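Okay, here's what each chain looks like letter by letter:
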Amino acid sequence: MGDFTSRAPAALNDPTLRANFRRAMDGLMTKRAAQFADQDAWESLRARGAAAKARVVARLPELLVELEANLTRNGIVVHWAETTAQANAIVLDILQKAGAKTVIKGKSMVSEEMELNHHLEAHGIRAVESDLGEYIIQLAGEAPSHIVMPCIHKNKAEIARLFEANIAGLGYTEDVDALTAAARAALRGQFAAADAGISGVNFAVAETGTLVLVENEGNGRLSTTLPPLHIAVMGIEKLAEKLDDLPALLSLLPRSATGQAITTYVNMISRPRQPGEKDGPKAVHVVLLDSGRSRVYADAQLQDTLRCIRCGACMNHCPVYSRVGGHTYKFVYPGPIGKILTPQLEGLDCAGDQPHASTLCNACVEVCPVKIPIADILVRLRAESVNSTGSGAVKGAGSMRKRLESLAWQGWAAMYKVPMLYRLGSWGLTRLGNWLPDSLPMLKRWTAVRTRPRFAAKTLHELARDKGYDHE
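All values derive from a computational prediction rather than experimental measurement. The numbers attached to residues start from 1 for each chain and follow its sequence in the written order. Local features in this predicted model are restricted to residues whose pLDDT is 70 or higher, and side-chain atom pairs enter the listing and the counts only when it is 80 or higher, whereas totals over whole chains, interfaces and linings include all residues. To get the side-chain values, all heavy atoms of the structure are used, and hydrogens and water are removed first.

**Some remarks on the environment of Ala157**
Part 1: Where helices and strands are cited, they refer to DSSP runs of H or I of at least four residues and of E of at least two residues respectively, numbered from the N terminus. Among the structural elements, Ala157 can be located in helix H9 (residues 156–166).
Part 2: Sequence spacing of Ala157 and Lys444 is 287 residues, and the spatial spacing of their C-alpha atoms is 39 Å.
Part 3: Here a residue-residue contact requires only that any non-hydrogen atoms of the pair lie within 4.5 Å. Apart from residues no more than four positions distant in its own chain, Ala157 is found in contact with Tyr172 and Glu174.

Here it is in structure tokens:
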């Protein structure tokens, strides 16, 4: 079980973590708001982006076939992986056949999902993260805490100490330019010396067989261009139907993610190096990962989860995520999108507490650039966690059901349906409710993180009668 609840108090009581996230989230929300100041323009652009991703979800099987055909025609080798284990095996096999011993990586959440770095290291292949944020957490031996800004949980002082300990010749400094220059100098040689480059994919265009990567640092371009071999890993949902869909998506993504009008680099890769060309990899491979996504696609409501473009806006505006941080969720995808994606990929028996780590305030829905109904899906997953619909759409459905808790809620429902039972129950709770033990199932999670409110001394009916409002 993910057990979000048991980890949350430690994060809430960490003043440095709280300050780091509060400062970062406030800045990101302000920048995004400035980019979408014109509400009419925002809604128009959002509608175009949502429609583009809705078409992908509606036609996913046939678009994947079209993508494979066009990638193959362009000279890119396509591999299919049903599980992360299969994806790791495919990547390892490609690298071993090429004799690769070192890999330079661009940012990729799918590779985090695969735990690819650890898999390659176990087989004697060293993978170095080239994204600055990913490089920082690799030095720290940590996992990303945000899907766009991996080291957002660290402040300058923490990064300065980390660099001082890991980069030879660099003393302690909190100067951002100096820290960036030190990382750049440490990574420069890695790009040219790497035997292979690995990247993620922001959008794969089915119409043309084009891999689209967006970034700000230039590391992604170097990772996919300088090494002789490029391997791209992507979830099967990261598609765009046509090139015409890209302008809206490429406008929504950076504005929603970092408050930029557009990212510094937009890379479009359609083929390996051709005869007479001076740069580019000699071979390009694409690994298409399922890992439960087909099961998500099979459900008419849950398939909306697959619209996500990984902008992170839902996290930046989430009152829960901004207070506990990404590591509290334990899994690769934190925040609101993680609360609906992780239980579907990993199973409710493994991550069943994730959908409950939400206030259902709808902030995530209001800022989602592709209109994913996150709150509705959270409610659906909460229901699935205790009462399986039998559809088979969610692995581990019903795994959180407890007989005593179920009986308690049935009694609660019955009390509210029958006026006499309601009056009797209200009277009893005001007299005896404060003696209920905190170990009861419905109270245990509540009292683990907050004080249980005491029952009033009188029922509402009694108070109304005392005031003269009861005319029955």
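**Concerning the pairing of strand S4 (residues 196–199)**
Part 1: For every residue, the accessible area obtained with a 1.4 Å probe (protein chains only) is divided by the maximum for its type, and the residue is called buried under 20%, exposed over 50%, and partly exposed between those limits. With burial as the criterion, each face of S4 is covered, one bearing Ala196 and Ile198 and the other bearing Gly197 and Ser199.
Part 2: Between any two strands, pairing holds if DSSP finds at least two bridges. Pairing between strand S2 (residues 102–105) and S4: 3 bridges, direction parallel. Its bridge partner being in S4, Ile104 is matched across the sheet by Gly197.

**Details of the pattern of salt bridges**
Proximity of charged atoms lets side chains of opposite charge pair with each other.
Part 1: Salt bridges, as used here, are contacts in which a Lys or Arg side-chain nitrogen is within 4 Å of a carboxyl oxygen on Asp or Glu. Following the criterion strictly, the structure yields 18 salt bridges and no others.
Part 2: With a shortest N-O distance of 2.8 Å, Arg293 and Glu237 are connected by a salt bridge. Residue Arg293 is located in helix H13 (residues 293–297), and its partner Glu237 is located in the loop between strand S7 (229–235) and strand S8 (239–240); the two are separated by 56 residues in the primary sequence. Each member of the pair Arg293 and Glu237 is classed as buried.

**Concerning a nonpolar patch on the surface**
Part 1: Excluding any residue in a salt bridge, patches collect residues exceeding 30% relative accessible area, merging like charges within 9 Å and nonpolar Val, Leu, Ile, Met, Phe, Trp and Tyr side chains within 5 Å. Here the accessible surface of atoms and residues is derived via Shrake-Rupley with a 1.4 Å probe, and residues count as covered only by protein chains that are part of the display. Taken together, the side chains of Val418, Met420, Leu421, Leu424 and Trp427 present a nonpolar region at the surface, about 520 Å² in accessible area.
Part 2: With respect to the helices, strands and loops of the structure, Leu421 is situated in helix H21 (residues 419–432).
Part 3: Taking the relative accessible area as the measure of exposure, Leu421 reaches 39% and is therefore partly exposed.

**A word on unusual backbone geometry**
Part 1: The backbone phi angle of Glu115 is positive, close to 55 degrees, even though this residue is not glycine.
Part 2: In this fold, Glu115 is placed in the loop between helix H6 (109–114) and helix H7 (116–122).
Part 3: With a phi close to 75 degrees, Lys330 is a non-glycine residue in the positive phi region.
Part 4: If you trace the backbone, Lys330 turns up in the loop between helix H15 (321–324) and helix H16 (335–346).

**Digging into the nonpolar core**
The nonpolar side chains of soluble globular proteins are, as a tendency, buried together.
Part 1: Nonpolar core, defined: a set of buried Ala, Val, Leu, Ile, Met, Phe, Trp, Tyr and Cys residues in which side-chain atoms within 4.5 Å join the residues together. One finds Val91 and Leu95 to be the most contacted residues of the largest nonpolar core, which totals 101 residues.
Part 2: Among the elements that line this core, the one with the most residues is helix H5 (residues 84–97), at 6 residues.
Part 3: Ignoring anything within four residues of it in the chain, the contact list for Leu95 reads Ala100, Val103, Leu120, Ile125, Ala196, Leu229 and Ile231.
Part 4: Counting 17 residues, the second-largest nonpolar core is a separate cluster that includes Ile104, Val128, Ile136 and Ile167.

**Focus on the sheet that holds strand S3 (residues 126–129)**
Part 1: Pairing in this open sheet of 6 strands is parallel, and the strands run S1-S10-S7-S4-S2-S3 from one edge to the other. In the strand order of this sheet, the two ends are held by strand S1 (77–81) and S3, each with one partner. Within the sheet, the average angular offset between the axes of one strand and its neighbour, ignoring direction, is 25 degrees.
Part 2: Relative to S3, S2 runs parallel, the two being bridged by 4 bridges. Of the residues in S3, the one forming a bridge with Ile104 is Val128.
Part 3: Axis definition: a line fitted to C-alpha atoms, over the contacting stretch in the case of helices. Angles run 0 to 180 degrees between N-to-C directions. Packing of helix H10 (residues 176–193) onto the sheet brings it into contact with S2 and S3, and relative to S3 it is tilted by some 130 degrees.

**Points about the environment of Thr430**
Part 1: With respect to the element layout, Thr430 can be found in helix H21.
Part 2: On the basis of relative accessibility, which here comes to 12%, the residue Thr430 falls in the buried class.
Part 3: Considering only alpha carbons, one finds Thr430 and Ala457, 27 residues apart in sequence, at a separation of 5.4 Å.
Part 4: Setting aside anything within four residues of it in sequence, one finds Thr430 in contact with Phe455, Ala456, Ala457, Lys458 and Thr459.
Part 5: Under this definition, polar contacts are N or O atom pairs within 3.5 Å; protein pairs additionally need one hydrogen-donor-capable and one acceptor-capable atom, and for neighbouring residues in sequence, both atoms have to be side-chain atoms. Within polar-contact distance, the side chain of Thr430 engages the backbone oxygen of Trp427 at 2.8 Å.
Part 6: A distance of 2.8 Å separates the side chain of Thr430 from the side chain of Arg431, its partner in a polar contact.

**Focus on the pairing of S7**
Part 1: In terms of burial, S7 is largely enclosed, as 7 of its 7 residues are buried.
Part 2: Here S7 shows two buried faces, one formed by Leu229, Ile231, Val233 and Gly235 and the other by His230, Ala232 and Met234.

**Observations regarding the packing of aromatic side chains**
Part 1: Within 6.5 Å between ring centres, the rings of Phe, Tyr and Trp (the latter by its six-membered ring) count as paired, and their orientation is classed by plane angle as stacked under 30 degrees, edge-to-face over 60, tilted in between. Per the counting criterion, the structure on display carries 8 aromatic pairs.
Part 2: Taken together, Phe4, Phe21, Tyr321 and Tyr329 form an aromatic cluster joined through their ring pairs.
Part 3: In this analysis the charged atom, NZ for Lys or CZ for Arg, is taken to sit over a ring once it is within 6 Å of the ring centre and within 35 degrees of the ring normal. Cation over ring: Arg32 sits above Trp42, and NZ or CZ is 4.8 Å from the ring centre.

**Overview of the sheet that holds strand S9 (residues 265–269)**
Part 1: Strands sit in the order S8-S5-S6-S9 across an open sheet of 4 strands; the sheet is mixed. Every interior strand has two partners, whereas the edge strands, S8 and S9, have only one.
Part 2: Of the strand pairs in this sheet, strand S5 (residues 203–205) and strand S6 (residues 210–215) are connected by 3 bridges, and their pairing is antiparallel. If you follow Ala204 over to S6, its bridge partner there is Leu211.
Part 3: Relative to S5, helix H12 (residues 246–257) is tilted by about 175 degrees, and along the sheet it contacts S5, S6, S8 and S9.

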